[in-house]
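For reference, the chains in residue letters:
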Protein chains: 2
Amino acid sequence: MLYIIGIGISEYDSLSTNSIEIIRNCDVIYLERFTGFISDEFYDKLKVEVSKSIGTLSSPENHELKFVKRWFIEDGREILQKARTLDVCILVYGDPLVATTYGELIVRAKKQDINVRAIHSSSGILSLMGESGLQPYKFGKMVTMMDDPMSSITVYNTIYDNMCNGLHTLILTEYNNDDGKTDFNSSSNPFFLSPKRVIELLLEREKDMKSINFSSNTYGLVACKIGGKNSIIIAGKFESLLRLDYQGGPNSVIIPAGLHFTEEDSIQNLTKMLDPPIDNSKQLSRMANRMLNKYIPNAKIALSNLNSMLKSEMSELTKDYQLVLDNAENYLSDAQTFYDQGKLELAILSIGYAEGLIDSIRFQKNMNPW
Amino acid sequence: MLYIIGIGISEYDSLSTNSIEIIRNCDVIYLERFTGFISDEFYDKLKVEVSKSIGTLSSPENHELKFVKRWFIEDGREILQKARTLDVCILVYGDPLVATTYGELIVRAKKQDINVRAIHSSSGILSLMGESGLQPYKFGKMVTMMDDPMSSITVYNTIYDNMCNGLHTLILTEYNNDDGKTDFNSSSNPFFLSPKRVIELLLEREKDMKSINFSSNTYGLVACKIGGKNSIIIAGKFESLLRLDYQGGPNSVIIPAGLHFTEEDSIQNLTKMLDPPIDNSKQLSRMANRMLNKYIPNAKIALSNLNSMLKSEMSELTKDYQLVLDNAENYLSDAQTFYDQGKLELAILSIGYAEGLIDSIRFQKNMNPW
């Protein structure tokens, strides 16, 4: 039998009674710290716990308790082989099925008719949403930032899409504790991407992408070491968040969209607040809005110019031109109405149509009203 | 001191060692089952656990262990009053901060300088995402379905928005265990909205909204009693899911968008699969796509008709008309290209513009090519 056990976000403290029971009865106990960090202290405490029950194992000669590396889990053959005859468990930070690694291992076990069970536990993701005081229902797709500019493009686009829908974005950050060399039986130096670097990467992307309008005034929340004794959530403008020094992890960054007043109240009371909350979505420039903000006023001016140009050419506007101009005017007014109603597709269609009517006369009469 | 303790999704089994320690040392222990169900068996087990430690309490005369109702928690005054001098804990199903109720209580406690701490635990939301084999990163905004048609409109729109972005939707379902009358010290009959009713409501909304194109062939996943001994995830077409009989809860429904092949593999191996996976997003008809699918071919025909009409009127097309027609042709071709590239705003603008060029001649010459 194979158990994939989530230890939760507070190591021994968050381990469930049932998980401890399972661990005590398992022949083989693996720990890994590449999907999330697990400390040596936890390993030591577990060793004591497990040693008490070794005598009760049916085959104590097979007993094994050790940290294993990424390749060992991903290869998985030894694990699955042992799980055919022995009780094997793997201990994982947080909830075990958030990392795709274990979903895949479970599928492989099922295909080989090996009994397998996941034990769920507290997860950093949901915990920090709750701790931040933001509504879990107002979060859109979550995303992970790696320390590389390509990754930050995906993150930028995810924030943009979420914000267009009025949703907050949770950015998980790169964590790396497996260089393939480190001895995992001793404490190593895990790499946690700093929240500072996340903000810097977002500001860098802003230069090319120009849609969210990130600036020193953008509001963000940084969650550090959620579940740990020194956990903290800091809220403030990018410029304030950039001034702090962040050590260790895991860290996450939240870019909120518009905030409900109860969310503002929570930020004020639950976080270390450096600046009062700001509605980031007011800075957002959606593709559709950018188009309409520019095109509607421009087309109004062009239509008025065209009217004057035609009138100065003819003493009186002929009925056919008048019909085109009237239609252009009506569709411009429709574009504004649709825009105000948030019906962006119809607004864009209307403004395009009005521009086409205007330009048809421009092409025919070779006069440029723009 | 006030503790808000998540008991997780498996009652005593999912309770953490730290939570048990806190509960043992608390003077006042409240349980509630209006944000999520907690059984009488759990209450009984807890009573035994707590009775062992009553002797160690500093003021055992204040000891209290009981189920409380929604109004008692939402009012909160008695809880906060007691927490000034006693150690008080509230036990909550799942993770405690998913329900807004407790975020608000924590803020009130902080404002009154009462020490407060949330203990996180396994949550049904993240657990069932993992158990389903779908990628947690591919879920959009989540939503709750209540047993009323107005609620189903919000759910429908959320699924639509998520699917437009290629994201799965997790639908939590109404749970009600507080009619204000029930005696909460005895087992009551909680109301769990049936997955069947969720599907029926979505199919009803389809009749008016016509965007997602829900049908008997839509693919869904139903998660029942996640965390419990009889937990199960069933995957299949709506018509297959509607044939089953669902008892109790909690239940959730997932409407997947497009599926990655590893997700299809997981569905096949981790769920009770009634039908092979289907890509729901192929049925989706986005507003923009509906417009473009109709308008581009229609405008092509109109342009060709206009060409013939003009030619039959004049022996040779004058240069000014030719310029308008050529431009219309170019913009129609642009519209198609932008559409193929997924640049929907630009595609709509181009098709509107081409239509405007065509209609300008239509108005001037009083000829209808549409």
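So, here is what we can say about the structure in this document. Only a predicted model underlies this, so the values are computations on that prediction, with no experimental measurement involved. In this convention, every chain numbers its residues from 1, walking through the sequence in written order. Labels are handed out in written order, letters beginning with A for the chains and numbers beginning with 1 for the ligands. With pLDDT at 70 or above as the cut-off, local features in this predicted model cover only qualifying residues; side-chain atom pairs require 80 or more to be listed or tallied, and sums for whole chains, interfaces and linings still use all residues. The basis for every side-chain value is the complete set of heavy atoms in the structure, and neither hydrogens nor water enter the calculation.

**A word on the pairing of strand β10 (residues 219-224) of chain B**
Residues and elements named next belong to chain B.
Okay, so step 1: Per-residue accessibility, obtained with a 1.4 Å probe over protein chains only, is compared with the maximum for each type, and a residue is labelled buried under 20%, exposed over 50%, and partly exposed between these values. Elements are defined by DSSP. Helices are runs of H or I of four residues or more, strands are runs of E of two residues or more, and each kind is numbered from the N terminus. Most of β10 is tucked away: six of the six residues are buried.
Okay, so step 2: Where burial is concerned, the two faces of β10 agree: the one with Tyr219, Leu221 and Ala223 and the one with Gly220, Val222 and Cys224 are both buried.
Okay, so step 3: Two strands are said to pair when DSSP picks up at least two bridges between them. Where β10 lies against strand β11 (residues 232-237), six bridges are found, and the strand directions are antiparallel. Counterpart to leucine 221 in the pairing with β11 is alanine 235.
Okay, so step 4: Where β10 lies against strand β12 (residues 251-255), four bridges are found, and the strand directions are antiparallel.

**Observations regarding the interface of chain A and chain B**
Okay, so step 1: Should any heavy atoms of two residues lie within 4.5 Å, those residues are counted as being in contact. The interface of chain A with chain B comprises 67 residues on the first partner and 67 residues on the second.
Okay, so step 2: Both sides of the chain A and chain B interface together cover about 5800 Å² of buried area, and 66% of this is carbon and sulfur.
Okay, so step 3: Buried area counts how much accessible surface, traced with a 1.4 Å probe, disappears from two parts once they are put together, with both parts' losses summed. Ranking the residues of chain A by area buried against chain B places A:Leu126, A:Tyr137 and A:Phe363 at the top, with a combined share of 12%.
Okay, so step 4: Any Lys or Arg side-chain nitrogen found within 4 Å of a carboxyl oxygen on Asp or Glu counts as a salt bridge. Linking chain A with chain B are two salt bridges, by the criterion used here.
Okay, so step 5: The salt bridge involving A:Lys111 is made with B:Asp265; its shortest N-O contact spans 2.9 Å.
Okay, so step 6: In protein, a polar contact requires one atom able to donate a hydrogen and another able to accept it; more generally it is a pair of N or O atoms within 3.5 Å, and residues adjacent in sequence count only if both atoms are side-chain atoms. Put simply, chain A and chain B have 21 residue pairs in polar contact (both at pLDDT 80 or more) between them.
Okay, so step 7: Of all the secondary-structure elements, those providing two or more residues to the side of chain A that touches chain B are α1 (17-25), α5 (100-111), α6 (124-132), β6 (143-145), α10 (261-270), α11 (287-313), α12 (319-340) and α13 (344-365) of chain A.
Okay, so step 8: Class assignment of the residues belonging to the side of chain A that touches chain B gives a composition of 33 nonpolar, 22 polar and 12 charged. Gly counts as polar in this scheme, as do all residues outside two lists: the nonpolar Ala, Val, Leu, Ile, Met, Phe, Trp, Tyr, Cys and Pro, and the charged Asp, Glu, Lys and Arg.

**Considerations on the pattern of salt bridges**
Okay, so step 1: In this structure the tally under the stated criterion is 35 salt bridges over all chains.
Okay, so step 2: Measuring nitrogen to oxygen at the nearest pair gives 3.1 Å for the salt bridge that ties A:Asp208 to A:Arg205. Of this pair, A:Asp208 and A:Arg205 are both found in helix α8 (residues 195-209), three residues apart, which corresponds to roughly one turn of the helix.
Okay, so step 3: With a shortest N-O distance of 3.6 Å, B:Lys66 and B:Glu64 are connected by a salt bridge.
Okay, so step 4: Each of A:Glu64, A:Lys66, A:Glu78 and A:Lys82 takes part in one network of salt bridges that share partners.

**Some words on the sheet that holds strand β3 (residues 64-68) of chain B**
Residue and element names in this part refer to chain B.
Okay, so step 1: Across the sheet, five strands lie side by side as β3-β2-β4-β1-β5; this open sheet has parallel pairing. Looking at the sheet topology across the chains shown, the edges are occupied by β3 and β5 (116-119). Strand after strand, the sheet turns through a mean of 15° between neighbouring axes, direction not considered.
Okay, so step 2: One ladder, built from four bridges, connects strand β1 (residues 2-6) with β5; its direction is parallel. Within the sheet, the bridge partner assigned to isoleucine 5 lies in β5 and is isoleucine 119.
Okay, so step 3: Here an angle of 0 to 180 degrees is reported between the N-to-C directions of two axes, which are lines fitted to C-alpha atoms, with helices fitted over the stretch in contact. Of the strands in this sheet, β1, β2 (28-32), β4 (88-92) and β5 are in contact with helix α1 (residues 17-25), which crosses β5 at around 140°.

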